[in-house]
Amino acid sequence: MRKLTLALPASALAAAVAGPALAADLNVSVEIPRLSVAAYHRPYVAVWIERPDNTAVRTLAVWYEVSNTAEGKDWLKDMRTWWRRGGRSLTLPADGVSSATKAPGAHAVRIPGARLSNLPAGDYVLVVEAARELGGREAVRVPFRWGAANTARAAGSTELGAVSVTVTR
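Below or above, wherever it landed, is the structure these notes cover. Treat the numbers as computed from the prediction; the structure is a model and nothing was measured. Numbering of residues starts from 1 in every chain and runs along the sequence as written. Per-residue local features are limited, in this predicted model, to residues with pLDDT of at least 70; the limit for side-chain atom pairs, both in listing and counting, is 80 or more; totals at the level of whole chains, interfaces and linings are taken over all residues. Heavy atoms from the whole structure form the basis of all side-chain values; hydrogens and water molecules are not counted.

## Regarding the sheet that holds strand β8 (residues 150–155)
Rules: Strands are treated as partners if at least two bridges between them are detected by DSSP. Numbering of helices and strands starts at the N terminus; helices are DSSP runs of H or I of at least 4 residues and strands are runs of E of at least 2. Fitting a line to C-alpha atoms yields each axis, with helices limited to the stretch in contact; the angle taken between N-to-C directions then spans 0 to 180 degrees.
The strand order β5-β1-β9-β8 describes an open sheet built from 4 strands, whose pairing is antiparallel. At either margin of the open sheet sits one strand with a lone partner, and together these are β5 (105–111) and β8. Strand after strand, the sheet turns through a mean of 15 degrees between neighbouring axes, direction not considered. Of the pairings in the sheet, the one linking strand β1 (residues 25–32) to strand β9 (residues 162–168) comprises 6 bridges and is antiparallel in character. If you follow Asp25 over to β9, its bridge partner there is Thr168.

Here is the structure:
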């Protein structure tokens, strides 16, 4: 019996063996501060990626009142920047994107690389916007580089606390 020897370039072999493991993941941390106000309502929050020219690329998370879908959707437009840049065209609830509002504290959003596989390497901006009934509205912008491991941070001053984005390899 003859043996067939298959020769592959090292890069092709590494890609074939590693496959999706080479894809980067995006990890986002969003802090919702505890506010001392008479009537506290949890904020609606939208997390999305933009290009440096402010064109929306993809919505990553939307936290809103999902228990009363019709009423909850009515208030999404209070997150004005997200709404104008693509929120109004998103069909909610969206699997893997929408969820209930969050209590004060630190919250994580992990986006597997497979979900962003068609995102070309380059410079982007992570935007987190929060709007609260009987409260304010705030957007935090965090520039980051997709395609290389890095971490970037920014902080809000009223409705949002620390926001960080980490690209892992």
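## Quick word on the pattern of salt bridges
The criterion, for reference: For this analysis, a salt bridge means a side-chain nitrogen from Lys or Arg found within 4 Å of a carboxyl oxygen belonging to Asp or Glu. Per-residue accessibility, obtained with a 1.4 Å probe over protein chains only, is compared with the maximum for each type, and a residue is labelled buried under 20%, exposed over 50%, and partly exposed between these values.
A full pass over the atoms with the stated rule returns 6 salt bridges. Two residues, Asp123 and Arg145, come together in a salt bridge whose shortest N-O distance is 3.2 Å. Residue Asp123 is found in strand β6 (residues 122–131), and its partner Arg145 is found in strand β7 (residues 137–146); the two are separated by 22 residues along the sequence. Between Glu129 and Arg137 there is a salt bridge, and its shortest N-O distance comes to 2.4 Å. Exposure remark for Glu129: the relative accessible area of 0% places this residue in the buried category. Residue classification places Arg137 among the partly exposed residues on the basis of a relative accessible area of 34%. Within the structure, one salt-bridge network assembled from shared partners comprises Glu50, Arg85 and Arg141.

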